Amino acid sequence: MSTEKKHNTEEVRLMKGNEAIAHAAIRCGCDGYFGYPITPQSEIMETLMDLEPWNTTGMVVLQAESETASINMVYGAAGCGKKAMTSSSSPGVSLMQEGISYMVGAELPCVIVNVMRGGPGLGTIQPSQADYFQTVKGGGHGDYKLITLAPASVQEMADFMVKSFDLAFKYRTPVMILADGIIGQMMEKVVLPPFTPRWTEEEIREQTPWATLGKTPDRKPNVINSLRLEAADMEKLNLVLQSRYREIEQKEVLFEEFECADADYIIVAFGITARICQKTVELARQKGIKAGLIRPITLYPFPTAQIKEYADKVKGMISVEMSAGQMIEDVRLAVNGKVPVEFYGRMGGIVPSPEEVLEALENKLIG
Amino acid sequence: MKEEIIIAGFGGQGVLSMGKILAYSGLMQGQEVSWLPSYGPEQRGGTANATVILSDERISSPVLNSFDTAIVLNQPSLERFECKVKPGGTLIFDGNGFHKFPTRTDINVYRIDATEYAYANNASKTMNMIILGGLLKVRPIVKVENVLKGLKKSLPERHHHLLDMNEKAIHIGMDLIRKIN
Amino acid sequence: MNIADIINPANLVMEKTKVMNDTPMHYCPGCSHGVVHKLIGEIIEEMDIQDKTIGIAPVGCAVFAYQYLDIDWQQAAHGRAPALATAVKRLLPDRYVFTYQGDGDLAAIGTAETIHAANRGENITIIFINNGIYGMTGGQMAPTTLQGMKSSTSPTGRDIPRNGFPLNITNLLAQLEGTCYVTRQSVHTVASVRKCKKAIQKGFENSMLNKGTSVIEIVSTCSSGWKMTPADSNDWMVENMFPAYPMGDLKNI
């Protein structure tokens, strides 16, 4: 079967967010997926296994023995200049933190999808956003940041797959797609990205001259490594990383606004919670409350400047999250005390309804 | 047009797939659609439900707390969702095994004994299509031809010979549904 | 006679492999690592596969293997080398991919990765240096430390009720369907070095034959960790390590 026939383009389809990730990965020229089953994201690997991309694009799909092995397989593949990815849900992503830190230290690009569920511990399989801190504040050891994209629709699951690989290779860094159980499990319309061939070995040599493809006589050995025993060398690498983060903060911020222009009150929410809060804004406006919504699309880099700008124009903000309050710290840093920033959240897999968010907005901000 | 629907029942009653067929039908007539399942242990024998939204405009929240239409196929689902139907909305229930019945008078309540019919006529595989037929009789939100198009799209080709059977089930459901108040 | 008369191509009897560079090694006197590195370098040169070989370095004393052999390397997190090698080989099937791991790396923290890579029959070569001790961190007990053997974390000797039994992971690996060649070698005599070289070469050749995983255990010394002279270490190894980890092929398909 020809690749084009199996993955024909431009068609509007109905699929789950998890399925969209799998389709988009194949289409954007991903070389390897390595993963371990965990609810609520197992459809990603199941879809890949069903589509058998090794017969079409040549993409490798492998079920590993653990999340630890998965992320280290991604390390091995990325070290060869390949587009490699893994996916998991919260407990599994905790297990990957070692590997993520090593990949940052070795300056390796990859994409990690976290379809979050409630924690701590084994937790629940119901949706959550409580891995915000883990994702944008570190997670593994050492000074590092992960570019983090938070999709709010099935379409964005597909689109961000493509974008994540672009960013990962542009900045030689792991990129996280931070979704949740709802976006993974729900079905919506989606137009899949066009088919892009995988890089040939010549293209890999050109794009990633650091890749370990075998030492040729014209160059020194390539070594993929995060070990720098000399403190001065280690600081040098850190300085490189930090200057890269400053560039990312300058160039890669993404966010969306909804009804903010005349807003008295702004809700800040990401992912599926932003969709719920969009409905809250609709309900609020029906009641004559001028509410607006800012949805950070990149959680790192955070839209600090954009939120700061609104701090001068509104009476208050409320951060709404499926957590005990994590992103609110970044919102408060951006607002810097200019207006009250309140919080409303549900935890442990409970999803807030648009109505209860409205009630929180009225009680906490309007009084 | 915007229709916010919850379909709830036991796992295995075809609740999730009925929702999917509805979503596919909406897709076929060019609408915005979302299908949100309850997932997890509930799929394995407990209660399951699917929230389906069909809309002419972009859908904001796929997570809802109140519905235009609720289809409930077991007692716990009735107890959970009867109160969530918007005033003037629609409640459809299959009375099989019920010992308490809907009490609200500010909504339209319909009964469809699809389970009983399906057992009597050896048609358990199309039970959810019978119920879908009932829904479309009282809330014609999608055209039957689009349901069939959606089915064709979502079913693997090896199952396409079942399309006729499903179409018949829709019409049976349309005859079976009865208004209670 | 001056020095130029002596250093003269006509007088050349032995040359270091070109795959091995001139970086001074950090290994202790008497350590087996240097010899095994040399063997790998020689094999790569003789097979003419320098541009087709990717090594995966471990955490442990051999973490710096990448400084001494001029091939492309990836340095893995502790124990994860077989996971890296799996992906590298699957994505570059025409390359020679080997891991180089110590006993702590392969048989403690990386047991799962080792067993599962071997069980999948990844077409890789695993070179396993077993000296019964954690060398790099200062002589702590390893999974392969012998009963009664002293280490900094078993100062009165490995006590079975407290520490469990020495893990003979190579025997375990030999039982897996995925392995095609499992052998135990040493490098403490000229003859054993020659035999070991043949074994490693066979492992490299196997990786292109789609036969499964090759495991070459090299029972080794750690003079510093064992607190013995190099010569005593060799004697001690023959006397104590060899009965627990006997030499020879365990599997050869």
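A closer look at the interface of chain C and chain A
With 32 residues of chain C at the interface, the matching set in chain A holds 36 residues. Between chain C and chain A, roughly 2600 Å² of surface is buried when both sides are summed, and carbon and sulfur atoms account for 61% of that area. Counting the contacts that link chain C with chain A gives 15 residue pairs in polar contact (both at pLDDT 80 or more). Those elements giving two or more residues to the side of chain C that touches chain A turn out to be β1 (53-57), β2 (72-75), α3 (81-91) and α5 (111-120) of chain C.

Quick notes on the environment of Leu283(A)
All names here are of chain A. For Leu-283, the position within the fold is in helix α12 (residues 271-286). The spatial distance from the C-alpha of Leu-283 to the C-alpha of Lys-313 is 22 Å, given a sequence separation of 30 residues. Residues within four places of Leu-283 in sequence aside, it is in contact with Pro-354, Glu-355 and Leu-358.

Details of the sheet that holds strand β13 (residues 298-300) of chain A
Residue and element names in this part refer to chain A. One open sheet accounts for 7 strands, arranged β3-β2-β4-β5-β7-β6-β13; its pairing is mixed. Each edge of the open sheet is held by one strand with a lone partner, namely β3 (60-63) and β13. Strand-to-strand twist across the sheet, computed as the mean angle between neighbouring axes with direction ignored, equals 20°. Where strand β6 (residues 147-149) meets β13, 2 bridges bridge the pair, whose relative direction is antiparallel. Along β13, the bridge assignment pairs Leu-149 with Thr-298.

Section: the pattern of salt bridges
Should their charged atoms come close, side chains of opposite charge can pair. For the coordinates displayed, the defined rule picks out 43 salt bridges over all chains. Taking the shortest distance from any N to any O, the salt bridge between Glu259(A) and Arg285(A) comes out at 3.9 Å. Residue Glu259(A) is found in the loop between β10 (255-258) and β11 (265-268), and its partner Arg285(A) is found in helix α12; the two are separated by 26 residues along the sequence. The partner of Glu79(B) in a salt bridge is Lys100(B), with the nearest N and O atoms 3.9 Å apart. Here the residue Glu79(B) occupies a position in helix α2 (residues 75-81), and Lys100(B) occupies one in the loop between β5 (85-93) and β6 (108-111), the gap between them amounting to 21 residues. Overall, the relative accessible area of 46% leaves Glu79(B) in the partly exposed class. Sharing partners across several salt bridges, the network here consists of Lys279(A), Lys2(B), Glu4(B), Asp68(B) and Lys86(B).

Concerning the packing of helix α5 (residues 144-154) of chain B against helix α6 (residues 163-176) of chain B
Residues and elements named next belong to chain B. Two numbers describe how α5 lies on α6: the axes approach to 11 Å, and their chain directions differ by 145°. Read as a crossing pair, α5 and α6 show a hand that is right-handed. In this structure, α5 uses Val-144, Val-147, Leu-148, Leu-151 and Lys-152 to contact α6, whose residues at the interface are Leu-163, Asn-166, Glu-167, Ile-170 and Met-174. Classifying every residue of the contact of α5 with α6 by side-chain character gives 7 nonpolar, 1 polar and 2 charged.

Things to note about the packing of aromatic side chains
Under the defined criterion, the tally for this structure stands at 14 aromatic pairs over all chains. Their ring planes at 40° and their centres at 5.7 Å tell us that Tyr132(A) and Phe270(A) sit as a pair that is tilted. Separated by 138 residues along the polypeptide, Tyr132(A) in helix α7 (residues 132-136) and Phe270(A) in the loop between β11 and α12 bring together distant segments of the chain. For Tyr132(A), a relative accessible area of 0% translates into the label buried. With 5.5 Å between their ring centres and 75° between their planes, Trp73(C) and Phe98(C) make a pair best called edge-to-face. Taken as a pair, Trp73(C) in strand β2 and Phe98(C) in strand β3 (residues 96-102) lie far apart in primary sequence, 25 residues in all. What makes Phe98(C) buried here is its relative accessible area of 0%. Every member of this aromatic cluster is reached through a ring pair, and the members are Trp73(C), Tyr96(C), Phe98(C) and Phe204(C). Here the basic side chain of Lys313(A) rests over the ring of Tyr310(A), its NZ or CZ set 5.1 Å away from the ring centre.

Digging into the sheet that holds strand β14 (residues 316-321) of chain A
Residue and element names in this part refer to chain A. Read from one edge of the open sheet, 5 strands run β10-β12-β11-β14-β15, paired in mixed fashion. The open sheet terminates on both sides in strands that have one partner only, identified here as β10 and β15 (341-345). Neighbour-to-neighbour, the strand axes of the sheet open up by a mean angle of 20°, direction not taken into account. In the packing of helix α13 (residues 304-311) onto the sheet, contacts are made with β10, β11, β12 (291-296) and β14, and the angle to β14 comes to roughly 140°. Packing of helix α15 (residues 354-366) onto the sheet brings it into contact with β11, β12, β14 and β15, and relative to β14 it is tilted by some 145°.

Remarks on unusual backbone geometry
Residue and element names in this part refer to chain A. That bond from Thr-39 to Pro-40 is cis: its omega, 5°, falls within 30 degrees of zero. That bond from Gly-119 to Pro-120 is cis: its omega, 0°, falls within 30 degrees of zero. Here Pro-120 is to be found in the loop between β5 (110-116) and α7. Here Glu-107, not a glycine, exhibits a phi torsion of approximately 55°, which is positive. Note on placement: Glu-107 falls in the loop between α6 (97-105) and β5.

Considering the interface of chain B and chain A
With 27 residues of chain B at the interface, the matching set in chain A holds 29 residues. Buried area between chain B and chain A, both sides added, is near 2200 Å², and the carbon and sulfur share of it is 58%. Sorting the residues of chain B by area buried against chain A places Tyr39(B), Ser60(B) and Val63(B) first, and these three jointly supply 31% of that buried surface. Along the contact surface separating chain B from chain A lie 4 salt bridges. Residues Glu32(B) and Lys189(A) are paired through a salt bridge, measuring 3.6 Å at the closest nitrogen-oxygen approach. The interface formed by chain B and chain A includes 8 residue pairs in polar contact (both at pLDDT 80 or more).

A look at the side chain of Gln185(A)
Residues and elements named next belong to chain A. Residue position: Gln-185 is located in helix α9 (residues 181-185). A polar side-chain atom of Gln-185 sits 2.9 Å from a polar atom in the side chain of Lys-16. Side chain to side chain, Gln-185 and Glu-43 meet in a polar contact 3.2 Å long.

Thoughts on the nonpolar core
Ranked by internal contacts, the top residues of the largest apolar core, which has 133 residues, are Phe34(A), Met85(A) and Met317(A). Counting residues per element, this core draws most heavily on helix α8 (residues 154-171) of chain A, at 10 residues. The residue makeup of this core includes at least three contributed by each of domain 1 (3-201) and domain 2 (255-366) of chain A. Those residues in contact with Met85(A), other than ones at most four positions away along the chain, are Ile21(A), Ala25(A), Cys30(A), Gly32(A), Tyr33(A), Phe34(A), Val74(A), Val111(A), Val113(A), Met161(A) and Phe165(A). Within the second largest apolar cluster, 43 residues are counted, among which are Ile7(B), Val15(B), Val52(B) and Met127(B).

Focus on the domain arrangement of chain A
Residues and elements named next belong to chain A. What the domain assignment reports for chain A is domain 1 (3-201) and domain 2 (255-366). Look at where the C-alpha atoms of domain 1 and domain 2 centre, and you get two points 27 Å apart. Between domain 1 and domain 2, the residue contacts involve 30 residues of the former and 24 residues of the latter. Note on domain 1 versus domain 2: buried area summed over both sides is about 2100 Å², and carbon and sulfur give 59% of it. Per-residue buried area on domain 1 facing domain 2 is highest for Gln-129, Tyr-132 and Phe-133; these three make up 32% of the total on that side. Run the count over domain 1 and domain 2 and you get 3 salt bridges. Across the contact surface, domain 1 and domain 2 share 14 residue pairs in polar contact (both at pLDDT 80 or more). Elements with a contribution of two residues or more to the side of domain 1 that touches domain 2: α7, β6, α8, β7 (174-180) and α9. Each residue belonging to the side of domain 1 that touches domain 2 can be placed in one class, and the counts come to 17 nonpolar, 7 polar and 6 charged.

Calculation notes
Residues numbered from 1 in each chain as written. Chains lettered and ligands numbered in written order. Predicted model: local features only at pLDDT ≥ 70, side-chain atom pairs only at ≥ 80, totals over all residues. Heavy atoms only, no water. Contact = heavy atoms within 4.5 Å. Buried area = accessible area lost by both parts, 1.4 Å probe. Polar contact = N/O pair within 3.5 Å; in protein donor to acceptor, adjacent residues only side chain to side chain. Helix = DSSP H or I, 4+ residues; strand = E, 2+ residues; numbered from the N terminus. Pairing = 2+ DSSP bridges. Axes fitted to C-alpha atoms, helices over the stretch in contact; angles between N-to-C directions. Salt bridge = Lys/Arg side-chain N within 4 Å of Asp/Glu carboxyl O. Buried < 20%, exposed > 50% of the residue type's maximum accessible area, 1.4 Å probe, protein only. Left-handed = near helix turned anticlockwise from the far one by under 90°. Nonpolar A, V, L, I, M, F, W, Y, C, P; charged D, E, K, R; others polar. Phe/Tyr/Trp six-rings, centres within 6.5 Å; stacked < 30°, edge-to-face > 60°. Lys NZ or Arg CZ within 6 Å of the ring centre and 35° of its normal. Core = buried A, V, L, I, M, F, W, Y, C linked by side-chain atoms within 4.5 Å. Domains from an automatic or database assignment.

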